Amino acid sequence: MESVIRALIVYAVLLVIFRIAGKRTLAQASAFELVLLLIISETIQEALVDGDHSLTNAFLLVTTLVGTTILLSVVKHRWPPVVRWLDGLPLIVIQDGRTVKESMDRERVDEAEILSSARASEGLQRLDEIRHAVVEENGDITVVPKKK
Amino acid sequence: MAELKTIDGMQINHDIAHHRREWRLQRVGWLLMALVLAAALAGLLGPGPLSHASAGGPGAPVRVDYDRFGRIEAPARLRIRLAPGVASGGTVHLRLGRDFVENVDIQRIYPEPGSTRAGRDEFDYELRTAPTPDATIIDVHYQAERFGTLPVRVGIGDARPVAFSQWVYP
């Protein structure tokens with residue numbers, strides 16, 4: 001019983017912390033962020049396993065974590081308003097060629113990051129070639145080019 | 001699924017009002033995280049400056065240094081100081097309350113007890129000490145096994161025991 005409660009608490013706390021941190025905090029997968037993710041998983045693992053290295057405990061923990069994810073996906077599918085709180089919504093940072101300063105500042109996104117995504121996905125070279133840029137729920141920046 | 005809008009030709013579930021609410025909550029969250037870290041540094045979430053405490057008072061024959069806040073399964077220590085003369089060489093009987101012993105895993109006691117006797121509501125450890133003009137120090141290293149309030153009662157010989165409690169975080 002304790003493993004299940006433990007896993008649920010860890011799931012909930014991590015969900016809240018990552019939502020508080022914001023979309024872009026661990027989305028860039030730079031070398032340092034990768035290390036940070038590894039350290040977080042290592043830190044949590046100890047508290048989650050709690051010295052019980054049995055197969056039963058491992059299965060219980062995995063089942064709880066996967067089960068919670070399934071449950072949340074069902075809830076999100078049935079009640080769309082929940083999605084905006086659990087996953088967040090996409091955020092427009094360039095709208096019809098104009099940068100949205102407030103959104104960029106609040107979400108801590110700068111032009112260089114948008115250009116980097118624009119180069120990678122669309123081969124664009126300048127900001128004025130971008131029609132829309134959106135920070136997606138997972139923190140990725142997607143770009144829609146202006147029509148030639 | 002999501003509530004889609006069309007903004008400048010792009011179908012998207014964008015809602016700036018929701019983002020503003022979320023940003024406000026995020027700022028509150030950051031503040032809470034900072035407060036938690038400050039409390040941890042101060043020693044309110046485990047050992048630290050505000051956590052250190054002593055029971056028994058400076059002039060008392062028995063004084064116990066301990067942490068008000070501990071964490072489950074984390075190393076902790078009681079430092080018991082006997083005033084000069086209390087352990088007049090030879091044998092000292094350290095008495096620990098049953099509530100304490102049953103809720104912790106005692107890792108070791110220095111000096112090592114020669115024998116242990118379980119009583120009705122306390123455990124009696126027989127320790128050997130050398131005669132010294134200074135205070136005698138006994139260390140009890142342990143790990144709490146349950147979270148919540150941990151009642152601690154420490155007695156030496158027939159003297160009135162020192163009682164206090166610790167808070168153990170999960």
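It should be noted that the structure appears before, not after, this text.
Here goes a summary of the coordinates provided.

The rules we used
Residues numbered from 1 in each chain as written. Chains lettered and ligands numbered in written order. Predicted model: local features only at pLDDT ≥ 70, side-chain atom pairs only at ≥ 80, totals over all residues. Heavy atoms only, no water. Pairing = 2+ DSSP bridges. Helix = DSSP H or I, 4+ residues; strand = E, 2+ residues; numbered from the N terminus. Phe/Tyr/Trp six-rings, centres within 6.5 Å; stacked < 30°, edge-to-face > 60°. Buried < 20%, exposed > 50% of the residue type's maximum accessible area, 1.4 Å probe, protein only. Expected span 1.5 Å × (residues − 1). Contact = heavy atoms within 4.5 Å. Buried area = accessible area lost by both parts, 1.4 Å probe. Salt bridge = Lys/Arg side-chain N within 4 Å of Asp/Glu carboxyl O. Polar contact = N/O pair within 3.5 Å; in protein donor to acceptor, adjacent residues only side chain to side chain. Axes fitted to C-alpha atoms, helices over the stretch in contact; angles between N-to-C directions. Parallel < 35°, antiparallel > 145°, perpendicular 65-115°, else oblique. Left-handed = near helix turned anticlockwise from the far one by under 90°. Nonpolar A, V, L, I, M, F, W, Y, C, P; charged D, E, K, R; others polar. Core = buried A, V, L, I, M, F, W, Y, C linked by side-chain atoms within 4.5 Å.

So, about the pairing of strand 12 (residues 148-156) of chain B. Residue and element names in this part refer to chain B. Bridge analysis of strand 7 (residues 90-97) against strand 12 gives 3 bridges, and the strand direction is antiparallel. Note on strand 12: the bridge partner recorded for R95 is G155. Where strand 12 folds back onto strand 13 (residues 162-169) in an antiparallel hairpin, the turn is made up of 5 residues, including G157, whose phi is positive at roughly 55°.

A word on the packing of aromatic side chains. For any pair of aromatic rings, geometry is given as the distance between the ring centres together with the angle between the planes. Residue and element names in this part refer to chain B. Going through the model one piece at a time under the given rule, you end up with 4 aromatic pairs over all chains. Look at Y66 and F164: their rings are 3.8 Å apart centre to centre, the planes differ by 20°, and that puts the pair in the stacked class. In this pair, Y66 is assigned in strand 4 (residues 62-67) and F164 in strand 13, connecting sequence segments 98 residues apart. Summarising the aromatic geometry, the rings of W167 and Y169 are spaced 6.3 Å apart at their centres and angled 85° between planes, so their arrangement reads as edge-to-face. Owing to a relative accessible area of 22%, Y169 belongs among the partly exposed residues under this scheme.

The subject of this paragraph is helix 2 (residues 31-49) of chain A. In a regular helix each residue adds 1.5 Å, so 19 residues correspond to 27 Å; helix 2 of chain A covers 27 Å between its end C-alpha atoms and thus fits that length. On its buried face, helix 2 of chain A sits against helix 1 (2-21) and helix 3 (55-78) of chain A.

Opposite the 27 residues of chain A that make contact, chain B presents 23 residues. Between chain A and chain B, a total of about 2,500 Å² is buried, with carbon and sulfur atoms accounting for 56% of that surface. The largest per-residue losses of area from chain A upon contact with chain B belong to I20(A), R84(A) and R106(A), which jointly make up 24% of the total buried on that side. Our count for the chain A to chain B interface comes out at 3 salt bridges. Notably, a salt bridge pairs D15(B) with R84(A), separated by 2.8 Å at the nearest N-O pair. At the junction of chain A with chain B, the criterion picks out 13 residue pairs in polar contact (both at pLDDT 80 or more). Only helix 1, helix 4 (80-86), strand 1 (91-95), helix 5 (101-107) and strand 3 (130-135) of chain A provide two or more residues apiece to the side of chain A that touches chain B.

All right, on to the pattern of salt bridges then. Using the criterion set out here, one finds 16 salt bridges over all chains in the structure. As a salt-bridge pair, D128(A) and R126(A) come within 3.2 Å of each other at their nearest N and O atoms. On the basis of relative accessible area, D128(A) is assigned to the partly exposed category, the value being 45%. We classify R126(A) as partly exposed; its relative accessible area is 48%. In this structure, the salt-bridge partner of E102(B) is R98(B), at a minimum N-O distance of 2.7 Å. Taken together, the residues E102(B) and R98(B), both in helix 2 (residues 98-103) and 4 residues apart, mark about one turn of the helix. Judged by its relative accessible area of 45%, E102(B) is partly exposed.

Running from amino to carboxyl end, helix 1 of chain A crosses helix 1 (residues 16-42) of chain B at an angle of 115°, the nearest separation of the two axes being 8 Å. Relative to helix 1 of chain B, the element helix 1 of chain A is oriented roughly perpendicular. Here helix 1 of chain A and helix 1 of chain B pass one another in a crossing that is left-handed. Where helix 1 of chain A approaches helix 1 of chain B, its residues I17(A), R19(A), I20(A) and A21(A) are matched on the opposing element by E22(B), Q26(B), G29(B), W30(B) and M33(B). Here the contact of helix 1 of chain A with helix 1 of chain B is composed, by residue class, of 5 nonpolar, 2 polar and 2 charged.

Residue and element names in this part refer to chain A. Its 24 residues give helix 3 an end-to-end C-alpha distance of 34 Å, which sits within 8% of 34 Å, the value for a rise of 1.5 Å per residue. Every buried residue belonging to helix 3 is among N57, L61, T64, T68 and K76, and all of these are buried. Looking at the packing, one finds that the buried side of helix 3 touches helix 1, helix 2 and helix 4.

For the rest of this paragraph, the subject is the sheet that holds strand 3 (residues 52-55) of chain B. Residue and element names in this part refer to chain B. Overall, antiparallel pairing links the 5 strands, which are arranged 3-4-6-11-8 in an open sheet. This sheet does not close on itself; its edge strands, each paired only once, are strand 3 and strand 8 (104-110). Here the strands of the sheet are splayed against their neighbours by 20° on average, with no regard to which way each runs.

Glancing now at the nonpolar core. Ranked by size, the top nonpolar core spans 30 residues in total, and within it L78(B), I80(B), L94(B), F100(B) and I138(B) carry the most contacts. One finds I94(A), V109(A), I130(A) and I141(A) within the second-largest nonpolar core, a separate group that totals 14 residues.

Residues and elements named next belong to chain A. Where helix 1 meets helix 3, the axes come as close as 9 Å, and the angle between the chain directions of the two elements is 45°. Taken together, helix 1 and helix 3 sit at an angle that is classed as oblique. Considering only the axes of helix 1 and helix 3, their crossing is right-handed. Each of S3, V4, A7, L8 and Y11 in helix 1 lies in contact with helix 3, whose residues at this interface are N57, L60, L61, T64, L65, T68, T69 and L72.

Assignment of secondary structure puts R95(B) in strand 7. If sequence neighbours within four positions are ignored, R95(B) has contacts with E122(B), F123(B), D124(B), R153(B), V154(B), G155(B), I156(B), G157(B), D158(B), A159(B) and P161(B).

Honestly, that's just the spatial picture; any functional story needs more than this.
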